[in-house]
Amino acid sequence: MARKPVVLVTGAGGEMGHGLIHRLADLGAFDVLALDVRGLEPGLARRCAAVRIGDILDRHLLDRLRSEFEISVVFHLAALLSTRAEFIPETAHEVNVQGTLGLLRLALEEARSLGQPVKFLFPSSMAVYGLPDLAAKRAAGRVAEDRWLDPITMYGCNKLYCEHLGRYFARHYRQLAAQGGPGGVDFRAIRFPGLISAFTLPSGGTSDYAPEMLHAAAQGRPYACFVREDTRLPFMAMPDAIGALLALMEAPGESLTTLVYNVGAFSPSAGEIADLVRAAFPAGHIAFAPDPRRQAIVDSWPEDVDDARARRDWGFRPAHDLGRAFGEYLLPNVRRRYAGP
Ligand code: SER
């Protein structure tokens, strides 16, 4: 029985999975095998060639996927985000690290059975950075990939280590074994900033205040923002994040000078986001009620990232700056989403 060729998307029902699966289905060039711990909403499931519900930590499930499907690309999106992970750090470590290890192993075995490299696209995060205090954050400005790698969250530690795991699988796997050795996993990672989607809400992250205030105000609901007004983080509209994943997937290996790339698009303060949201949805009421502990996490993340390498190596160029993100993507779609029947 022939195995069906597919692109595997883990965390398929999450925010990025949602955006990616719709884009892959629109492109029509790939059949998607979706994996998530929960069932997908019908509109999303319909766009997949196959959907499997289960835990990425279940090794037998991953083996069964390999027996049924020929997996040439893995988008490993499943993760527990930074806020949720701080409540259950050991579980987060299992999902984020052990889960990634299992998927890397799947990719390696698949590459060996196909006789060609398997691309492994990994969303890393600005959470890998850890600036010691606000003064350092302000002085650092746009942070390059090799600076300030002292994360203070379990999620940030997990993402940083998984970048190293990816590099190990791509370049050094079983380097002392008599046979075998590296080869097979074509690991490519993007450190994303906070992401904002018009169609979905994140859950369990610490950059969630931006999408939360937008979606709350659009429904006329009050929102208490858990960081100070002057808090600045890099953000990106979801379509640009998905575009970046696909552009990195397509990039010729020879043009890549690193395995891990920063990307950014705009870097507003929470107050600037609130002003844009208030102007669009005066009925919503946005207040600021900083939570010191979540504030400390965002204060350790850079206020902007240096993405010159991504721009140079694979032509990264986000279509949306702050004005276009709100004017052309977020506001029209969010208005439509919450308009009455
Ligand atoms: N958006 C993520 C979070 O807040 C960071 O990658 O956890």
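Scroll up a little and you will see the structure.
This text gives an overview of the structure that appears in the document.

Calculation notes
- Counting of residues starts from 1 at the beginning of each chain's written sequence and follows it residue by residue.
- Thresholds applied to this predicted model are a pLDDT of at least 70 for local features of residues and 80 or more for the giving and counting of side-chain atom pairs; totals over whole chains, interfaces and linings are not thresholded and use all residues.
- Remark: hydrogens and water are excluded; side-chain values derive from all non-hydrogen atoms of the structure.
- Only DSSP runs of H or I reaching four residues or more are called helices, and only runs of E reaching two or more are called strands; each is numbered from the N terminus.
- Radius of gyration here uses only the C-alpha atoms, and the compact-globule reference equals 2.2 Å multiplied by the residue count raised to the power 0.38.
- Summary of the burial criterion: residues with accessible area below 20% of their type's maximum are buried, those above 50% are exposed, and those between are partly exposed, where the area comes from a 1.4 Å probe applied to protein chains only.
- We call two residues contacting when some pair of their heavy atoms lies within 4.5 Å.
- Computed by Shrake-Rupley with a 1.4 Å probe, the accessible areas treat only the displayed protein chains as cover when residues are assessed.
- Note on charges: Lys and Arg go in the positive column, Asp and Glu in the negative column, and His and the chain ends are not counted at all.
- In plain terms, the charge of a residue is placed at NZ if it is Lys, CZ if Arg, CG if Asp and CD if Glu.
- Being paired, for any two strands, means DSSP has found at least two bridges between them.
- Throughout this description, the term salt bridge denotes a Lys or Arg side-chain nitrogen within 4 Å of a carboxyl oxygen of Asp or Glu.
- We call a residue near a given molecule or strand whenever any one of its heavy atoms falls within 4 Å of it.
- Any pair of N or O atoms that falls within 3.5 Å is considered a polar contact. Within protein, one atom must be able to donate a hydrogen and the other to accept it, and sequence-neighbouring residues count only if both atoms are side-chain atoms.
- Simply put, an axis is a line fit to the C-alpha atoms, just over the touching stretch for a helix, and the angle between two N-to-C directions goes from 0 to 180 degrees.
- By definition, turning the near helix anticlockwise from the far helix through less than a right angle yields a left-handed crossing, and turning it clockwise yields a right-handed one.
- Under the convention adopted here, Pro, Cys and the residues Ala, Val, Leu, Ile, Met, Phe, Trp and Tyr are nonpolar, Asp, Glu, Lys and Arg are charged, and Gly plus all remaining residues are polar.

Within the protein one finds 13 helices and 13 strands. Scaling as 2.2 N^0.38, a compact globule of 341 residues should have a C-alpha radius of gyration of about 20 Å, and the protein matches this with 20 Å. Across its three principal axes, the protein shows a C-alpha extent of roughly 65 × 50 × 40 Å. Put simply, the protein has 341 residues, and 55% of those count as buried. Taking all contacts inside the protein whose residues are at least 6 apart in sequence as the whole, residues at least 24 apart take part in 77%. When the accessible surface of the protein is summed, it comes to about 14600 Å², and 52% of that surface belongs to carbon and sulfur atoms. Here the protein contributes 38 positive and 39 negative side-chain charges, whose respective centroids are spaced 3 Å apart.

Glancing now at the pairing of strand S7 (residues 185-192). With seven of eight residues buried, S7 lies mostly within the body of the structure. In terms of strand pairing, strand S5 (residues 118-125) meets S7 through eight bridges, oriented parallel. Each bridged residue has a counterpart across the sheet, and for Ser124 the counterpart in S7 is Arg191. In terms of strand pairing, S7 meets strand S11 (residues 260-262) through three bridges, oriented parallel. Note on S11: the bridge partner recorded for Arg191 is Asn262.

Looking now at the pattern of salt bridges. Throughout the structure, instances matching the rule amount to 20 salt bridges. One salt bridge in this structure joins Asp31 and Lys4, with 3.5 Å as the shortest N-O distance. Of this pair, Asp31 sits in the loop between helix H1 (15-27) and strand S2 (32-36) while Lys4 is found in strand S1 (residues 4-10), placing the two residues 27 residues apart along the sequence. On the basis of relative accessibility, which here comes to 38%, the residue Lys4 falls in the partly exposed class. Measuring nitrogen to oxygen at the nearest pair gives 3.7 Å for the salt bridge that ties Asp299 to Arg228. Of the two residues, Asp299 is situated in helix H11 (residues 292-300) and Arg228 in the loop between strand S9 (223-225) and strand S10 (235-237); the sequence distance between them amounts to 71 residues. Taking the relative accessible area as the measure of exposure, Asp299 reaches 13% and is therefore buried.

This paragraph deals with the site of the ligand. All residues adjacent to the ligand are Leu81, Ser82, Ser125, Tyr155, Gly205, Thr206, Ser207 and Trp301. Note that an oxygen atom of the ligand is positioned 2.6 Å from one of the side-chain N or O atoms of Ser125. Here an oxygen atom of the ligand and a side-chain polar atom of Tyr155 are 3.1 Å apart.

Before going further, it helps to examine helix H10 (residues 270-280). Taken together, the buried positions of H10 are Ala270, Gly271, Ile273, Ala274, Val277 and Ala280. Buried positions along H10 lie against helix H8 (209-218), S9, S10, strand S12 (286-288) and helix H13 (322-338).

Bringing the sheet that holds S11 into the picture now. Strand order in the open sheet formed by seven strands is S3-S2-S1-S4-S5-S7-S11, and the pairing between neighbours is parallel. The open sheet terminates on both sides in strands that have one partner only, identified here as strand S3 (50-53) and S11. Neighbour-to-neighbour, the strand axes of this sheet turn through a mean angle of 20 degrees, independent of strand direction. Packing of helix H5 (residues 89-114) onto the sheet brings it into contact with S1, strand S4 (69-76), S5 and S7, and relative to S4 it is tilted by some 145 degrees. Packing of helix H9 (residues 238-250) onto the sheet brings it into contact with S4, S5, S7 and S11, and relative to S7 it is tilted by some 155 degrees.

Even without a glycine there, the phi angle at Trp148 is positive, about 55 degrees. Checked against the element boundaries, Trp148 lands in the loop between strand S6 (142-143) and helix H7 (154-171). Among the residues examined, Trp148 registers a relative accessible area of 28% and is labelled partly exposed. At Arg174, a residue that is not glycine, the phi angle is positive and equals roughly 45 degrees. Overall, Arg174 belongs to the partly exposed group, its relative accessible area being 45%.

A few words on the packing of H1 against H9. Following both chains from N to C, one finds H1 and H9 inclined at 65 degrees, their axes separated by 10 Å at the closest point. As H1 packs across H9, the resulting crossing turns out to be right-handed. Listed contacts from H9 to Glu15, Met16, Gly19, Leu20, Arg23, Leu24 and Leu27 of H1 are Met238, Pro239, Ala241, Ile242, Gly243, Leu245 and Leu246. When its residues are assigned to classes, the contact of H1 with H9 shows ten nonpolar, two polar and two charged.

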